[in-house]
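Structure assessment
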Amino acid sequence: MQNPFGNNNNNDPNNIFNNLPIPPNYAKIKNYRGDLRIAKVGISWTTFWFGPLPALFRGDYYNFFLEIVLAADYVLVALFFKWNTLLTFPWPALIFALFYNMMYFRHLFNKGYYPADDRSRELLIKSKYLKEKK
């Protein structure tokens, strides 16, 4: 397969991820068993439009339930104080969309995942998802 993004072509025959077409704003992380996760670094537009469903499909149950609870709290507070104008725009979805990908990566780092290659490590450090080791 040709790589339309022009990255990760280091011609290493032992690297099974060598010709995976990864966009420049996506990072690859893996754990000691070899499980691979590829996810976007930056704003999660799927979380903005579909709410907690991307977290559910990724198997990220912690953030799935967290988003449901926070959205329910937001609606209950708005209804309790009769701030109906707050319900016209999905503020929790917007705020969660800004931070969800970072929360997803950090949750996986706590489970033993680490960057699969140097490009992903540099991207995660530059985006402040991962702290640089001194």
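Before any of the text, the structure's been laid out above.
The notes below deal with the structure included here. The residue numbers shown here count from 1 along each chain, following its written sequence. The predicted nature of this model means local features are confined to residues of pLDDT at least 70 and side-chain atom pairs, given and counted, to a pLDDT of 80 or more, with totals for whole chains, interfaces and linings taken over all residues. Only heavy atoms go into the side-chain values, all of them from the structure, while hydrogens and water stay out.

**Observations regarding the overall build of the protein chain**
Numbering goes from the N terminus for both helices and strands, where a helix is a DSSP run of H or I of at least four residues and a strand is a run of E of at least two. Helix and strand counts for the protein chain come out as five helices and three strands. Ordering the α and β elements of the protein chain from the N terminus gives β-β-α-α-α-α-β-α. Evaluated residue by residue, the protein chain yields a buried proportion of 31% over its 134 residues. Residue contacts are counted whenever heavy atoms from the two residues lie within 4.5 Å of one another. Residue pairs at least 24 apart in sequence account for 51% of intrachain contacts in the protein chain once pairs closer than 6 positions are excluded. Residue exposure (1.4 Å probe, protein chains only): buried if accessible area is under 20% of the type maximum, exposed if over 50%, otherwise partly exposed.

**With respect to the packing of helix α3 (residues 61–80) against helix α4 (residues 91–110)**
Two elements in contact, α3 and α4, have axes whose closest approach is 11 Å; the angle formed by their N-to-C orientations is 160 degrees. Classified by the angle their axes make, α3 and α4 are roughly antiparallel. For α3 against α4, the interelement crossing comes out right-handed. Of the residues in α4, those touching α3 at Tyr 62, Asn 63, Leu 66, Glu 67, Leu 70, Ala 71 and Tyr 74 are Trp 91, Pro 92, Phe 96, Tyr 100, Met 103, Tyr 104 and His 107. In terms of residue class, the contact of α3 with α4 is made up of eleven nonpolar, two polar and one charged. Helix axes use the C-alpha atoms of the stretch in contact, all axes being lines fitted to C-alpha atoms, and the angles between their N-to-C directions lie in the range 0 to 180 degrees. The scheme is simple: roughly parallel for angles under 35 degrees, roughly antiparallel for over 145, roughly perpendicular for 65 to 115, oblique for anything else. By definition, any crossing whose near helix is turned counterclockwise from its far helix by less than a right angle is left-handed, and any crossing with a clockwise turn is right-handed. Amino acid classes used here: Ala, Val, Leu, Ile, Met, Phe, Trp, Tyr, Cys and Pro are nonpolar; Asp, Glu, Lys and Arg are charged; the rest, including Gly, are polar.

**Here's the deal with the pairing of strand β1 (residues 26–30)**
Being paired, for any two strands, means DSSP has found at least two bridges between them. Pairing geometry for β1 and strand β2 (residues 36–40), over five bridges, is antiparallel. Pairing of Lys 30 across the sheet is with Leu 36, part of β2. In textbook terms, the turn of a hairpin is the stretch between consecutive antiparallel strands, and for β1 and β2 this stretch comprises five residues, one of which, Gly 34, has a positive phi near 95 degrees. Bridge count between β1 and strand β3 (residues 114–115): two bridges; the pairing is antiparallel. What sits directly across from Lys 30, in β3, is Tyr 114.

By themselves, these are just geometric observations and shouldn't be taken as functional.
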